[in-house]
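The primary structure of each chain is shown beneath.
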Amino acid sequence: QVQLVESGGDLVQAGGSLRLSCAASGSFFSSSVMAWYRRAPGKQRELVAFITSGGVTNYADSVKGRATISRDNAKNTMYLQMNSLKPEDTGVYYCNNFPWGNRPWGQGTQVTVSS
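Worth saying up front: this structure is predicted, and the values here are computed from it rather than measured.

Draft legend 1. Region of the structure containing the overall build of the protein chain. Looking only at helices and strands, the protein chain has 0 helices and 10 strands in total. In sequence order, the secondary structure elements of the protein chain are arranged as β-β-β-β-β-β-β-β-β-β. Projected onto the principal axes, the alpha-carbon positions of the protein chain cover approximately 40 × 25 × 20 Å. Here the protein chain, with 115 residues, has 43% of them falling under the buried criterion. Considering only intrachain contacts with a sequence separation of at least 6, the fraction spanning at least 24 residues in the protein chain is 53%. Surface exposure of the protein chain reaches about 6,000 Å², of which carbon and sulfur atoms provide 47%. Taking the average place of the 11 positive charges on the side chains of the protein chain and the average place of its 7 negative ones, the gap between the two points comes to 4 Å.

Here it is in structure tokens:
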């Protein structure tokens, strides 16, 4: 059974850092393009960054230079290091495959950045 579990979210001050983790169960992970998405209050879910199975990365303009996506295929785990956090980074962060996001969505992890 496919399961995605996000963790690492917290309440932080602007300028702070967080490292989010996504633990995946199922054999799909190592061969999949994986991504972080976020849903800000009152907005639709949006793509934050994605990483191919081989480690090629791509970032949304809003986080470029402040975020680093990485993965450990041996551990079926993906990470998102976020630095210089801004209030507009506030939201629930989810992981899923890209571009379809067609695995069952997890609960997400809440990131709140105070100004």
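Draft legend 2. Expanded view of the nonpolar core. With 26 residues, the main nonpolar core has Trp 36, Ile 69, Met 78, Leu 80 and Tyr 93 as its most contacted residues. Broken down by secondary-structure element, the contributors of at least two residues to this core are β3 (18-25), β4 (34-39), β5 (45-51), β7 (67-72), β8 (77-82), β9 (91-97) and β10 (109-114). Examining the composition of this core, we find that 4 residues originate from one element, β3, more than from any other.

Draft legend 3. Just the pairing of strand β1 (residues 3-7), in detail. Going residue by residue along β1, you find Leu 4 and Glu 6 tucked away on one face and Gln 3, Val 5 and Ser 7 left uncovered on the opposite face. Where β1 and β3 come together, 5 bridges link them in antiparallel fashion. Directly across from Gln 3, in β3, lies its bridge partner Ser 25.

Draft legend 4. Just the sheet that holds β10, in detail. What the 6 strands build is an open sheet, ordered β2-β10-β9-β4-β5-β6; its pairing is mixed. Strand pairing shows two members of the sheet lacking a second neighbour, β2 (11-13) and β6 (57-59), which therefore form its edges. Across the sheet, the mean angle separating the axes of adjacent strands is 30 degrees when strand polarity is ignored. Here β4 pairs with β9 via 6 bridges, running antiparallel. If you follow Trp 36 over to β9, its bridge partner there is Cys 95.

Draft legend 5. Region of interest: the sheet that holds β3. The 4 strands are arranged β1-β3-β8-β7 in an open sheet whose pairing can be described as antiparallel. In the strand order of this sheet, the two ends are held by β1 and β7, each with one partner. Sheet twist, expressed as the mean angle between neighbouring strand axes with direction ignored, is 15 degrees.

Draft legend 6. The packing of aromatic side chains, seen in detail. This structure, assessed with the given rule, holds 3 aromatic pairs. Ring geometry for Tyr 37 and Trp 105: centres 5.2 Å apart, planes at 75 degrees, overall edge-to-face. Separated by 68 residues along the polypeptide, Tyr 37 in strand β4 and Trp 105 in the loop between β9 and β10 bring together distant segments of the chain. Here Tyr 37 falls in the buried class, since its relative accessible area comes to 8%. Residue Trp 105 is classed as partly exposed on the basis of its relative accessible area, which comes to 31%. Here the aromatic rings of Tyr 94 and Trp 105 are separated by 5.9 Å at their centres, their planes lie at 90 degrees, and the arrangement is edge-to-face. Separated by 11 residues along the polypeptide, Tyr 94 in strand β9 and Trp 105 in the loop between β9 and β10 bring together distant segments of the chain. Classification of Tyr 94 as buried rests on a relative accessible area of 12%. By the ring-pair criterion, three or more aromatic residues cluster together here, those being Tyr 37, Tyr 94 and Trp 105.

Analysis parameters
Residues numbered from 1 in each chain as written. Predicted model: local features only at pLDDT ≥ 70, side-chain atom pairs only at ≥ 80, totals over all residues. Heavy atoms only, no water. Helix = DSSP H or I, 4+ residues; strand = E, 2+ residues; numbered from the N terminus. Buried < 20%, exposed > 50% of the residue type's maximum accessible area, 1.4 Å probe, protein only. Contact = heavy atoms within 4.5 Å. Areas by Shrake-Rupley, 256 points an atom, 1.4 Å probe, with all protein chains shown as cover. Lys, Arg positive; Asp, Glu negative; His and termini not counted. Charge placed at Lys NZ, Arg CZ, Asp CG, Glu CD. Core = buried A, V, L, I, M, F, W, Y, C linked by side-chain atoms within 4.5 Å. Pairing = 2+ DSSP bridges. Axes fitted to C-alpha atoms, helices over the stretch in contact; angles between N-to-C directions. Phe/Tyr/Trp six-rings, centres within 6.5 Å; stacked < 30°, edge-to-face > 60°.

These figures capture arrangement, not role.
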